[in-house]
Amino acid sequence: MRLRPLLAGATTLAVTTAALCAGPSLHADTTDTGDPIISPALITEIQEKTKVRSIIQIKPGQSVAAVAADFEQASESSRVLESAKSPNFFVAEVDGMTLDKLKQDPRVQSVYKDELSMPFLDVSTTVIRSDRANAAGWNGTGTTVAILDTGIDRDHPFFTGRIADEACFSSPDASAGTVSLCPNNQPSQTGAGAADAETAQCVVGGQNACSHGSHVAGISAGKMVAGASANGVAPEARLLPIQVFTRVDNPLTCAIGGSAAPCFLSYTSDQKLALEYVARVVRTHNIAAVNMSLGGGRGFTEACDNDTTAAAVKPEFDALVGLGVAPVVAAGNSGLPNAVSSPACISTAIAVGATNDTDALASFSNRGQLLDLFAPGVTINSAVPGNVYGDKSGTSMSAPHVAGAYAIMRQAYPDFTVAQSTQRLQGTGTPIQYDSSGTPVITPRIDMERATTATTTAVDPRA
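Residues numbered from 1 in each chain as written. Predicted model: local features only at pLDDT ≥ 70, side-chain atom pairs only at ≥ 80, totals over all residues. Heavy atoms only, no water.

## Topic: the state of the cysteines
By definition, a disulfide links the sulfur atoms of two cysteines through a covalent bond.
No. 1: Within this structure, the stated rule accounts for four disulfides.
No. 2: The disulfide partner of C254 is C263, and the S-S distance across this bridge is 2.1 Å. Note on the C254 and C263 pair: the S-S dihedral is about -90°, so by sign convention the disulfide is left-handed. Of the two residues, C254 and C263, neither departs from the other in class, the shared state being buried.
No. 3: Look at the protein and number its bonded cysteines as they come in the sequence; the links are 1-2, 3-4, 5-6, 7-8. (Disulfide = S-S within 2.5 Å. Buried < 20%, exposed > 50% of the residue type's maximum accessible area, 1.4 Å probe, protein only.)

Laid out in structure tokens, this is it:
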């Protein structure tokens, strides 16, 4: 999160929030009559392929159903895949002829490819001193952390009694070789059991391949029981696990991400639906943060807000920030010295990089000017399916430390905005200095004891 742009845009975010709570578009500007923004990457791909799975974002005040109905008539080969779940966009397979017509449609805000993202894979609570904050009573009581990931082991003892709600947004498409991971085998599901990671579709070669979400959830808010090495960061916070991944059985699609089939990837459209769902239940569950340990694409050295594809979830991030929810995102594991992946590159995201337990920079961690905070991400022990525990490394493990930190900040400072909590976490953090493509940069590593007790001393993470 880049604080100066956020504070300057506080009025816009307030309007966005009001619009979201009322149910219409996520965008505040209701007088936009400009031409639709078309992703250059989509134009290129449509020239190479017959049709491309895409997201069509609608302008404020326009009807998704009406635009989708007209879309169906535009070309014999184009088809609407999903139009009923969101009042702000629909998903469709777009060909060249239909794209040309969408360019002329004044009701359309933007059109971009429905990209696939992957999870960022590869003692910590003592390092960030959340154990001391917990001992002082700052443990996330009364708050909730939403985890957009590969679901959760619902009956794992690390989460007993603290799953507030569940949801699943997982797109099946036989032509693309994708299979829904929702237990009901449908594109979406909400309520108890919806984010269950122990389903048949998650099993590959006798092993559960959906362990990532349980591990991430445990880091944020696991609670000490026999067999666990320690509490999570906010052990009294509740969890809202949301399954946003889809099983991909197509070898060619998996190969693009460097994996063998089957693999597990997340459509941008499912992430948008999940973030909209979080926004609808923020007040019900007092959600303090949403964690996204996923992403992809090239590295960005500056905010990607104007990149239609990379910033696809920016409207949802902006709306959540306006509601007081921190969108915490893993920076990525490519070891880039001055860049972060998408969607961490969005200006209203909290981009998190990884250090080890001695505060050394993790070699795999993306970093640089866009990074907001560091947290441990090397050999982190947490829950995995089967009621057991395992070690994982990556910025995927760093981000949930920070998501849990925002739950503690909500408890300790209930009136703080996201920007104020971020400033305090940065100002009380341990400064980590490193070289970023020849430029010295300081990014704070969170320290929850200081954040909940000390007087803030400003630390400029861009220094």
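## Concerning helix α5 (residues 96–103)
No. 1: All of the buried residues in α5 are T98, L99 and L102. Buried residues along α5 cover an arc of 100° about the axis, so they all sit on one side.
No. 2: In this fold, the buried residues of α5 make contact with β1 (37–38), α3 (40–48), β2 (51–58), α4 (64–72), β4 (89–95) and β5 (108–113). (Helix = DSSP H or I, 4+ residues; strand = E, 2+ residues; numbered from the N terminus. Arc of directions from axis to C-beta. Contact = heavy atoms within 4.5 Å.)

## Re the packing of aromatic side chains
No. 1: Within the structure shown, the criterion is met by six aromatic pairs.
No. 2: Measuring from centroid to centroid gives 5.8 Å for F71 and F90, while their planes differ by 75°, and the two rings are edge-to-face. With F71 in helix α4 and F90 in strand β4, this residue pair connects regions lying 19 residues apart in the sequence.
No. 3: Here F71 falls in the buried class, since its relative accessible area comes to 3%. (Phe/Tyr/Trp six-rings, centres within 6.5 Å; stacked < 30°, edge-to-face > 60°.)

Interpretation in functional terms is not warranted from these geometric data alone.
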